[in-house]
2 protein chains.
Amino acid sequence: MHNTPLAALRAELDRLGLQGFLVPRADEHLGEYTAPAAQRLAFLSGFTGSAGLAVVLKDRAAIFTDGRYALQVRAQTDPALWERHHVIEEPPPAWVAANAPPGARIGYDPMLVAEEGLQRYLDAGVTMVAVAPNPIDALWTDRPPPPLAPAVPHPVAYAGRESADKRAELAATLREAGQDAAILTDPASIAWLLNIRGSDVPFTPFALGFAILGAEGGVELFMAPEKLPPGTRAWLGNAVSVQDRSALPAALARLNGKRVRVDPAGSPVWFAQTLREAGANVVAEPDPCLLPKACKNPVEQQGTRAAHRRDAVAVARFLRWVEGAAGHATELQAATRLAGLRAEAVEYRGESFSAISGAGEHGAVIHYRVSQETDRPIRPNELYLIDSGGQYPDGTTDITRTVWTGPDAPPAELRDHATRVLKGHIAIATLVFPQGLAGPHLDALARVALWRAGLDYDHGTGHGVGSYLAVHEGPVSLSRTARPVPIAPGIILSNEPGFYLPGRYGIRVENLVLVQPADLPAAIRPFLRFETLSLAPIDRRLVEPTLLTDEELAWLNAYHARVEAEVGPALDAPTRAWLASACAPIIPTG
Amino acid sequence: MHNTPLAALRAELDRLGLQGFLVPRADEHLGEYTAPAAQRLAFLSGFTGSAGLAVVLKDRAAIFTDGRYALQVRAQTDPALWERHHVIEEPPPAWVAANAPPGARIGYDPMLVAEEGLQRYLDAGVTMVAVAPNPIDALWTDRPPPPLAPAVPHPVAYAGRESADKRAELAATLREAGQDAAILTDPASIAWLLNIRGSDVPFTPFALGFAILGAEGGVELFMAPEKLPPGTRAWLGNAVSVQDRSALPAALARLNGKRVRVDPAGSPVWFAQTLREAGANVVAEPDPCLLPKACKNPVEQQGTRAAHRRDAVAVARFLRWVEGAAGHATELQAATRLAGLRAEAVEYRGESFSAISGAGEHGAVIHYRVSQETDRPIRPNELYLIDSGGQYPDGTTDITRTVWTGPDAPPAELRDHATRVLKGHIAIATLVFPQGLAGPHLDALARVALWRAGLDYDHGTGHGVGSYLAVHEGPVSLSRTARPVPIAPGIILSNEPGFYLPGRYGIRVENLVLVQPADLPAAIRPFLRFETLSLAPIDRRLVEPTLLTDEELAWLNAYHARVEAEVGPALDAPTRAWLASACAPIIPTG
């Protein structure tokens with residue numbers, strides 16, 4: 001029975017006097033992309049999806065995922081060992097409360113759970129016991145070492161502001177709130193604050209570490225010193241001290257008697273627990289870097305425009321190639337092709353996420369990830385959906401296009417669906433709205449045209465995007481379930497309504513947009529608008545012009561004219577000619 | 001110094017060892033309309049608005065209101081005694097924390113504050129002390145007696161369901177949640193649950209009282225026995241016991257050891273405090289009547305349609321009269337006229353709120369309440385806004401129309417503003433949306449047309465409406481600030497976008513709508529739509545057809561055709577002829 005990691009973990013739990021244990025997918029930064037050393041859930045269960053949680057009891061074990069991983073979790077885990085549940089329909093706290101024996105002590109690793117997450121188990125009446133070190137680590141004999149990629153300077157030519165400036169501003173914020181220090185556990189916050197980048201995890205160019213920002217503007221950075229070459233050490237300056245990760249508990253203990261800000265949703269509960277034990281006064285407030293990081297400064301705004309024009313060259317070449325690919329290439333080959341075209345730019349630093357390259361029925365799998373096992377040819381007369389992005393030092397891109405492979409014309413129903421998605425996209429692209437509104441208030445505007453036909457899509461309309469940082473960035477998103485943080489100038493969001501017909505096809509049109517002040521002469525208060533950043537043709541064959549209003553058609557034609565004007569001159573002649581025809585105006589008949 | 005109530009209160013606070021005291025406008029039911037005996041804020045300060053809060057410290061006193069009462073509070077209170085603050089811009093908890101001396105003990109009447117309201121003071125670090133009885137009552141020598149209007153049966157022909165049915169359903173809900181009882185402090189909940197009505201306060205036909213609903217379906221009703229005539233006592237049946245209000249503490253004490261549900265936002269904190277002291281386990285959950293009461297049953301739905309057709313007769317006669325009133329009538333005379341026309345229906349039971357009758361610049365005062373002091377003539381060539389409603393045993397109405405008094409044509413800018421408001425109204429009237437959406441997600445849809453011109457309005461798009469109950473009813477409203485409670489079939493909401501140009505004019509178009517399942521053949525999930533209930537012409541002179549889409553114009557013409565068809569036959573001949581011309585279709589030119 002000890003020949004599986006699950007059985008070994010149970011033996012360890014027995015030894016610890018625990019009746020259960022939580023195994024989240026998260027790492028110590030509660031991030032989306034993690035290093036192999038942090039992938040305990042995959043080690044224990046075999047499940048490699050990017051979101052999930054296992055609960056191990058003495059005689060049962062369950063793994064909770066969302067809908068996008070329902071198939072994958074079945075394929076990767078042993079049904080004799082693991083029950084599989086939907087994380088929304090059967091929330092783990094309720095499941096534990098219902099299935100653990102009365103009085104059960106359930107262990108958790110306080111570095112892998114946020115205070116708000118822990119609270120949900122306590123609210124459900126579960127007795128939770130913090131366990132350190134994580135008992136899985138003792139069983140995981142071939143656990144990979146932690147990543148030690150170097151942290152490198154992120155020049156002010158890209159960052160737009162000196163780190164000292166940012167630190168001074170945040171320190172003033174802390175002082176005004178009567179706070180002595182803030183704990184930073186999100187490596188993206190540290191990367192932004194200190195103007196550094198790294199490559200410890202795929203897709204997001206930050207260096208894993210922790211930091212304490214003091215109310216006088218100094219920073220204690222906790223990061224393996226070998227990750228900081230002399231050039232980076234000098235770049236950080238004297239106001240930033242560097243200590244090994246192992247020095248963290250002692251540093252927290254020194255905050256005895258201080259008021260310390262800890263993010264209750266974004267930071268591991270270990271920090272609040274350790275601080276409270278040390279006699280600090282923990283203030284539960286969001287990471288102070290979140291909003292300033294999200295509001296890109298003018299240099300970052302110029303950078304993202306340049307990155308998007310550069311990215312658009314690769315996308316245009318790719319879209320032209322795809323038109324001839326049906327019958328000649330697979331989904332995987334297409335994704336590889338696009339990454340290769342992006343890589344021709346010297347500024348390219350890699351993908352911003354694993355591309356979604358789905359033909360036909362695969363397009364309906366919202367988070368489809370093509371692999372050797374699932375790969376299939378792109379065929380004539382079907383839809384092909386490609387959602388991809390690049391990292392460049394001046395900006396992060398993320399764009400989705402859905403194309404009809406031809407040669408026949410697409411069916412009328414499909415054009416109807418695609419045009420309703422496009423109407424939603426245009427509703428966001430053309431929106432002006434008063435400052436103070438938040439994502440939950442605007443998400444519906446992208447759906448009204450679909451709703452009229454009884455259709456909808458099961459994801460948010462948009463997410464925040466970083467500046468040469470995470471392609472999914474808080475605190476603002478265009479989603480009903482988001483916290484109502486007001487949308488502010490400088491924030492980059494995606495605009496990506498879609499429609500998915502299971503087993504048949506998926507449609508999504510995604511551009512990134514930059515929040516800008518709107519210049520409305522008669523405005524009674526400050527208004528905002530979205531500047532569209534992404535530049536690539538939207539497949540005209542999928543547009544049913546009679547479903548568009550005059551204004552919507554005018555937007556589409558103006559957008560295409562802009563794409564041709566801004567991207568065309570950077571293209572080789574054949575691609576430029578192709579782009580001109582892909583961007584030709586649609587003239588309404590009648 | 002003791003010759004003002006404020007000075008007398010301060011002396012009383014000294015005696016009690018308190019450094020401050022909260023004086024909310026609310027009564028013991030935390031309701032919108034209160035009996036004179038509960039109007040302590042007016043007694044203390046002179047301010048009679050429907051929302052407000054005073055904080056009395058030893059050497060300062062402040063009164064907090066929202067924007068609609070900014071002028072009124074200045075007119076009614078003595079600036080030598082009272083500072084005046086905006087309740088949103090300077091929240092009272094922060095003001096108390098900043099202005100009370102360190103360590104100050106601030107008193108509050110636990111019958112006048114909800115648990116969530118109290119928590120905001122505790123979160124701000126204020127030491128709060130419950131005080132009973134309310135020290136104001138000892139000073140208020142001419143305090144009116146509490147109202148003793150009789151509670152009367154609300155027949156099943158109107159209610160649509162036996163009280164026993166409702167009690168059995170709610171009792172099952174409590175049992176499923178493992179709750180032994182629920183505290184009901186909202187008289188509207190009690191009126192709905194027990195199928196009774198009353199007349200203790202203006203506008204809302206309920207009887208003031210409290211109740212405990214048990215998990216077996218029995219109810220303990222706490223209400224002065226003299227308010228319950230024998231017929232009502234018999235109507236309540238044996239499962240409902242009646243005790244005087246004074247028996248409440250003993251009844252709560254009997255819940256020792258029980259799990260008792262108390263609404264943390266809608267019930268006075270006294271209930272939770274008293275229950276906890278008695279050893280009960282308080283579960284903080286919303287009043288269990290809120291959602292079932294809001295979801296009108298088929299009989300109530302038929303009733304509201306009948307009430308709206310009846311109400312429409314009075315409104316049509318009024319609107320015809322208003323066309324000739326410019327130069328001949330005042331705002332107050334107009335409001336009186338409309339109430340009189342409504343009163344011609346034998347079913348009329350009174351206004352559902354104090355009508356807003358505002359000409360010209362008064363229309364821009366969102367909650368304008370005409371009085372002898374503010375009354376002014378309705379003049380030619382201006383806008384006149386009338387927002388009013390009636391109570392009928394089969395339904396509650398609430399309708400706003402804005403009319404141009406003529407004889408000249410209205411200016412183009414005014415027509416632009418009015419048409420944008422109308423576009424917002426039509427956006428809601430024609431909306432279909434998936435079940436699960438809530439008010440905060442849909443409110444923006446009514447604003448997009450205004451936003452495009454830099455305009456907006458500073459109130460929610462709609463509120464819930466009761467069935468011969470409160471004209472403002474929870475838990476659902478079309479508002480950004482509402483809790484995201486999903487909109488459900490049977491709920492009645494107002495649809496009332498507007499636009500207000502201070503000092504010039506106000507525009508609002510309000511109909512009530514009834515949430516219905518939408519019949520969309522291709523729907524991928526359950527969808528809902530709004531059935532418009534209110535039937536009155538929308539002033540065609542204010543419509544700029546070139547700003548309307550074909551679909552919007554089609555909606556307006558179809559609505560007007562329906563108004564004529566449903567209301568016309570019930571009118572006298574001259575009004576019917578007038579209605580026909582007011583409802584004539586608009587034919588777009590060109």
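The rules behind the values
Note that residues are indexed from 1 along each chain, following the sequence as it is written. Chains and ligands are labelled sequentially in the order written, the chains with letters from A and the ligands with numbers from 1. A pLDDT threshold of at least 70 governs which residues receive local features in this predicted model, and a stricter bar of 80 or more applies before side-chain atom pairs are shown or counted, although totals over entire chains, interfaces and linings include all residues. Note that the side-chain values use all heavy atoms of the structure and ignore hydrogens as well as water. A pair of strands is considered paired only if DSSP assigns at least 2 bridges between the two. Helix numbering and strand numbering both begin at the N terminus, where a helix is a DSSP run of H or I of at least 4 residues and a strand a DSSP run of E of at least 2. Only protein chains enter the calculation, and the probe is 1.4 Å; a residue is then buried if its accessible area is under 20% of its type maximum, exposed if over 50%, and partly exposed in between. Residue contacts are defined here by distance: any two heavy atoms, one from each residue, within 4.5 Å place the two residues in contact. Orient the strands so they point away from the viewer; a crossover is then right-handed if the path from the first strand over the helix to the second runs clockwise. Pairing of N or O atoms within 3.5 Å defines a polar contact, subject to two protein rules: one partner must be a possible hydrogen donor and the other a possible acceptor, and residues neighboring in sequence count only if both atoms are side-chain atoms. Here the quantity called buried area is the accessible surface, traced with a 1.4 Å probe, that two parts lose on coming together, added over both. The term salt bridge refers to a pairing of a side-chain nitrogen on Lys or Arg with a carboxyl oxygen on Asp or Glu at a separation within 4 Å. Aromatic pairs are defined between Phe, Tyr and Trp rings, using the six-membered ring for Trp, whenever the two ring centres lie within 6.5 Å; interplanar angles under 30 degrees are classed as stacked, those over 60 as edge-to-face, and all others as tilted. Every residue gets a pLDDT, meaning the predictor's confidence in that residue, from 0 to 100.

1. Some points on the sheet that holds strand β19 (residues 395-396) of chain B
The strands that make up a sheet are held in pairs by hydrogen bonds between backbone atoms, and each pair lies either parallel or antiparallel.
Residue and element names in this part refer to chain B.
Okay, step 1: Read across the sheet, three strands follow the order β15-β18-β19 without closing on themselves; strand pairing throughout is antiparallel. Each having just a single partner strand, β15 (350-351) and β19 make up the two edges of the open sheet.
Okay, step 2: Here strand β18 (residues 390-392) runs beside β19; their pairing, made up of two bridges, is antiparallel. Each bridged residue has a counterpart across the sheet, and for Tyr 392 the counterpart in β19 is Gly 395.

2. Regarding the environment of B:Ala149
Residue and element names in this part refer to chain B.
Okay, step 1: Structurally, Ala 149 can be placed in the loop between α6 (135-139) and β7 (152-153).
Okay, step 2: When its relative accessible area of 14% is taken as the criterion, Ala 149 is described as buried.
Okay, step 3: Separated by 142 residues in the primary sequence, Ala 149 and Ala 7 have C-alpha atoms spaced 34 Å apart.
Okay, step 4: Contact partners of Ala 149, with chain neighbours within four places excluded, come to Ser 199, Asp 200 and Lys 227.

3. Regarding the pairing of strand β14 (residues 281-284) of chain A
The side chains of a regular strand alternate between the sheet's two faces.
Residue and element names in this part refer to chain A.
Okay, step 1: Where strand β13 (residues 259-262) meets β14, four bridges bridge the pair, whose relative direction is parallel. Paired with Val 262 across the two strands is Ala 284, which belongs to β14.
Okay, step 2: Where the polypeptide runs from β13 across helix α12 (residues 269-277) and back to β14, its parallel neighbour, the crossover connection is right-handed.

4. Thoughts on the side chain of B:Glu531
Residue and element names in this part refer to chain B.
Okay, step 1: For Glu 531, the position within the fold is in strand β28 (residues 527-532).
Okay, step 2: One polar contact links Glu 531 to Gln 516, side chain to side chain, over a distance of 2.7 Å.
Okay, step 3: Not counting residues up to four positions away in its chain, the partners in contact with Glu 531 are Arg 305, Leu 512, Val 513, Leu 514 and Gln 516.

5. Some words on the interface of chain A and chain B
A common way to report how large an interface is uses the accessible area buried once the components associate.
Okay, step 1: Facing 27 residues of chain A, the contacting portion of chain B comprises 27 residues.
Okay, step 2: A buried area of about 2400 Å², summed over both sides, lies between chain A and chain B, and 61% of it is on carbon and sulfur atoms.
Okay, step 3: The interface formed by chain A and chain B includes six salt bridges.
Okay, step 4: Our count for the chain A to chain B interface comes out at six residue pairs in polar contact (both at pLDDT 80 or more).

6. Concerning the pattern of salt bridges
Okay, step 1: In this structure the tally under the stated criterion is 66 salt bridges over all chains.
Okay, step 2: Of the charged contacts in the structure, one is a salt bridge between B:Asp137 and B:Arg40, with a shortest N-O distance of 2.7 Å. Linking B:Asp137 in helix α6 with B:Arg40 in helix α2 (residues 40-45), this pair joins segments that are 97 residues apart in sequence.
Okay, step 3: A cluster of three or more residues bridged by salt bridges with shared partners is formed by A:Asp443, A:Arg447, A:Asp456, A:Asp458 and B:Arg525.

7. Examining helix α9 (residues 187-194) of chain B
Residue and element names in this part refer to chain B.
Okay, step 1: With respect to burial, α9 is a largely interior element, eight of its eight residues being buried.
Okay, step 2: Buried within α9 we find Pro 187, Ala 188, Ser 189, Ile 190, Ala 191, Trp 192, Leu 193 and Leu 194.
Okay, step 3: The N-capping residue of α9, defined by a side-chain oxygen 2.8 Å from the backbone nitrogen of Ala 188, is Asp 186.
Okay, step 4: Of the residues flanking the end of α9, it is Asn 195, one or two places downstream, whose phi is positive at about 50°.

8. A look at the packing of aromatic side chains
Residues and elements named next belong to chain A.
Okay, step 1: This model, assessed by the stated rule, comprises 22 aromatic pairs over all chains.
Okay, step 2: Here Phe 210 and Phe 271 contribute two aromatic rings whose centre-to-centre distance is 5.3 Å and whose plane-to-plane angle is 50°, an arrangement assigned as tilted. In this pair, Phe 210 is assigned in strand β10 (residues 210-214) and Phe 271 in helix α12, connecting sequence segments 61 residues apart. Each of the two residues, Phe 210 as well as Phe 271, counts as buried.

9. Concerning the confidence of the model for chain A
Any segment with low pLDDT has predicted coordinates that should not be analysed in fine detail.
Okay, step 1: When pLDDT is averaged across chain A, the result is 96; 99% of the residues are at 70 or more.
Okay, step 2: Confidence estimates for the predicted assembly give a pTM of 0.94 and an ipTM of 0.93.

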